[in-house]
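Summary of structural features
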Amino acid sequence: MDKWLRNTNVVRIVALVIGILLWVVVHMEETNLSGNSPLREREETINNVAITTKYDETHYHISSMAPANVQVIVKGKESSVKKVTTSNSYQIELDLTQVGKGDHQVTLKPVGFPSDVEVQIVPRTVHVIIEELQMKEVPVVINVKGTPAAGLKAGQPIVKPAKVYITAQTSKLEQIENVRGEVSVDKAQAAVTKQVRLQAFDKDGKEVILNINPSVVDVEVPITSPFQTIPLQMKISGEPPKGFAIAMVTQNPDKVTVYGTQDVVDRLEFYQGPQLSAQDLKETKEFALDIPLRNKVTQLDPAKVTVRVEIVPSITKALENIPITIIGQNESYDTKVTLPETAKLNITVEGAPALIDQMKVQDVQAILDVSNLPPGKHELKLTLNLPTYVKLGMPQEVKATVEISEKAPNKVTNP
């Protein structure tokens, strides 16, 4: 060993190696104390940091917040500051859970930052206005767009649910009267069914963003022929036998919806139902009848009618001095009733007690038609217009004799 140490070359080599090692150690220490050292203090400024709000969104709404973004200054160890600038885990929080509606100045709070960094928020407080949310029930309006296939018509939309709830601050709710959706029926040949997204609009037609519950509804738009609902007219023919009378006729339904082309539907004021015979009826009876299709009507709703005919024992009543009314007179002739001499008629009527008891002479019309008759005497059958379900007390032909003669010429007198 001593031999090696006495060798100058060996000593020089060892000294060189030690020098290199010392240089490496010194260089590493300088590097660790430079800008990359995790122990070095560092300050970083982060601009335009959004504020995260924390509040009861089911009951309140933030109508104003100023500012919406802040500046954050972070100071601390290099490694900790670097974690902040490279991570999205931190937040600047505005905690409003203990604040009610109104105008407030609230301090911001840093959340999620490393514990060994100092955080400065600029500005430290924000001005916030909070409004209380209200709920309102409003109807759903569906706008039907387009035209169905030829000859068809879109019906009234069926909406489920027909009403929805909207939630917003009071100032917005006051602007909303309904919420709307849209369904296209263009060229449709059958009912259109779809789910429709709803939107709220103010009175000026501008959309208002708010919470709608539910925001989507089920809509069905019927596609049918043109239709109209009109009275259903029943015709009762024949009469019950002597001693019986119709007291009342009731029907269900009393109206019917008719379908067909637009010109057919538009000209109908009522629909003539089936004819029902009361001949030989001696007791109350109910009938279920099909309603026939008439006048190019393609469909009826409903297609059946139930008719109840109430039969009661009849009574009779004498009516005297019913005036005879002459129609169809020729202005060039004089027309006079000669029989009966009074030109008034006496008859006996029969019917249900409730109807007969109330009858008066004024309820009967006795009409004598002399249209196109030449001069002379004529025995004619009278037409009697009696109240519904009232008949003559006995089978009889009511007649009258009329005399038609030329009018005497007007005499001209000399002055």
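Let me sum up the structure you'll find in this document. The structure presented is a predicted model; accordingly, all values stated were derived computationally and were not measured.

**Some words on the overall build of the protein**
When helices and strands are counted, the protein shows six helices and 33 strands. A compact globule built from 415 residues should have a C-alpha radius of gyration of about 22 Å, whereas the protein, at 51 Å, is more than 25% larger. The C-alpha extent of the protein, read off along each of the three principal axes, is 185 × 65 × 50 Å. Expressed as a percentage of the 415 residues in the protein, the buried residues total 31%. Taking the intrachain contacts of the protein between residues at least 6 apart in sequence as the baseline, contacts between residues at least 24 apart amount to 71%. Here the protein displays about 26,700 Å² of accessible surface, and carbon together with sulfur accounts for 50% of that area. The centroid of the 45 positive side-chain charges in the protein is displaced by 4 Å from the centroid of its 49 negative side-chain charges.

**Points about the sheet that holds strand β10 (residues 158-160)**
Adjacent strands of a sheet pair through backbone hydrogen bonds, lying either parallel or antiparallel. The antiparallel open sheet is built from three strands, whose spatial order is β10-β17-β13. Only two strands of the sheet have a single partner each, and these edge strands are β10 and β13 (192-197). Averaged over neighbouring strand pairs, the angle between their axes works out to 25° when direction is ignored. As judged from the three bridges shared by β10 and strand β17 (residues 216-221), these two strands associate in the antiparallel manner. Residue pairing for β17: Lys-160 is matched across the bridge by Asp-218.

**Looking at the side chain of Thr-167**
You can see Thr-167 is positioned in strand β11 (residues 163-169). The exposure class of Thr-167 is buried, given its relative accessible area of 16%. The contact partners of Thr-167, leaving out residues within four places of it in the chain, are Leu-133, Gln-134, Met-135, Leu-173, Leu-210 and Asn-211.

**Considering the pattern of salt bridges**
Close approach of charged atoms allows side chains of opposite charge to pair. With the rule as written, the count across this model stands at eight salt bridges. One salt bridge in this structure joins Lys-101 and Glu-132, with 3.7 Å as the shortest N-O distance. Of this pair, Lys-101 sits in the loop between β4 (91-95) and β5 (102-107) while Glu-132 sits in strand β8 (residues 125-145); the two residues are 31 residues apart in sequence, bridging distant segments of the chain. Its relative accessible area of 56% is what places Lys-101 among the exposed residues. For Glu-132, a relative accessible area of 32% translates into the label partly exposed. Linking Glu-397 and Lys-399 is a salt bridge whose minimum nitrogen-to-oxygen distance equals 3.4 Å. One connected set of salt bridges, linked through shared partners, spans Arg-42, Glu-44 and Glu-78.

**Regarding the packing of aromatic side chains**
For the coordinates displayed, the defined rule picks out two aromatic pairs. Here Tyr-90 and Phe-113 contribute two aromatic rings whose centre-to-centre distance is 4.8 Å and whose plane-to-plane angle is 45°, an arrangement assigned as tilted. Of this pair, Tyr-90 sits in the loop between α3 (78-85) and β4 while Phe-113 sits in the loop between β6 (109-111) and β7 (118-122); the two residues are 23 residues apart in sequence, bridging distant segments of the chain. In this pair, the class of Tyr-90 matches that of Phe-113, namely buried. The interplanar angle of 40° and the centroid separation of 5.5 Å between the aromatic rings of Phe-227 and Tyr-259 together place this pair among those described as tilted. Of this pair, Phe-227 sits in strand β19 (residues 227-237) while Tyr-259 sits in strand β21 (residues 255-259), and the two are 32 residues apart along the sequence.

**Regarding a nonpolar patch on the surface**
Together, Ile-13, Val-17 and Leu-21 line one region of the surface with nonpolar side chains, adding up to about 280 Å² of accessible area. With respect to the element layout, Ile-13 can be found in helix α2 (residues 8-32).

**Structural notes on the sheet that holds strand β25 (residues 304-313)**
The three strands are arranged β20-β25-β23 in an open sheet whose pairing can be described as antiparallel. Looking at strand neighbours, the two that pair on one side only are β20 (244-252) and β23 (285-290), the edges of this open sheet. Taken pair by pair, the neighbouring strands of this sheet meet at an average axis angle of 25°, ignoring direction. Direction of pairing for β23 relative to β25: antiparallel, over a ladder of six bridges. For Ala-288, the partnering residue across the bridge sits in β25 and is Thr-306.

Conventions we followed
- Residues numbered from 1 in each chain as written.
- Predicted model: local features only at pLDDT ≥ 70, side-chain atom pairs only at ≥ 80, totals over all residues.
- Heavy atoms only, no water.
- Helix = DSSP H or I, 4+ residues; strand = E, 2+ residues; numbered from the N terminus.
- Rg over C-alpha atoms; globule rule 2.2 N^0.38 Å.
- Buried < 20%, exposed > 50% of the residue type's maximum accessible area, 1.4 Å probe, protein only.
- Contact = heavy atoms within 4.5 Å.
- Areas by Shrake-Rupley, 256 points an atom, 1.4 Å probe, with all protein chains shown as cover.
- Lys, Arg positive; Asp, Glu negative; His and termini not counted.
- Charge placed at Lys NZ, Arg CZ, Asp CG, Glu CD.
- Pairing = 2+ DSSP bridges.
- Axes fitted to C-alpha atoms, helices over the stretch in contact; angles between N-to-C directions.
- Salt bridge = Lys/Arg side-chain N within 4 Å of Asp/Glu carboxyl O.
- Phe/Tyr/Trp six-rings, centres within 6.5 Å; stacked < 30°, edge-to-face > 60°.
- Patch = residues over 30% accessible without salt bridge, like charges linked within 9 Å, V, L, I, M, F, W, Y side chains within 5 Å.

Everything listed here is a matter of coordinates, which is why it stays silent on function.
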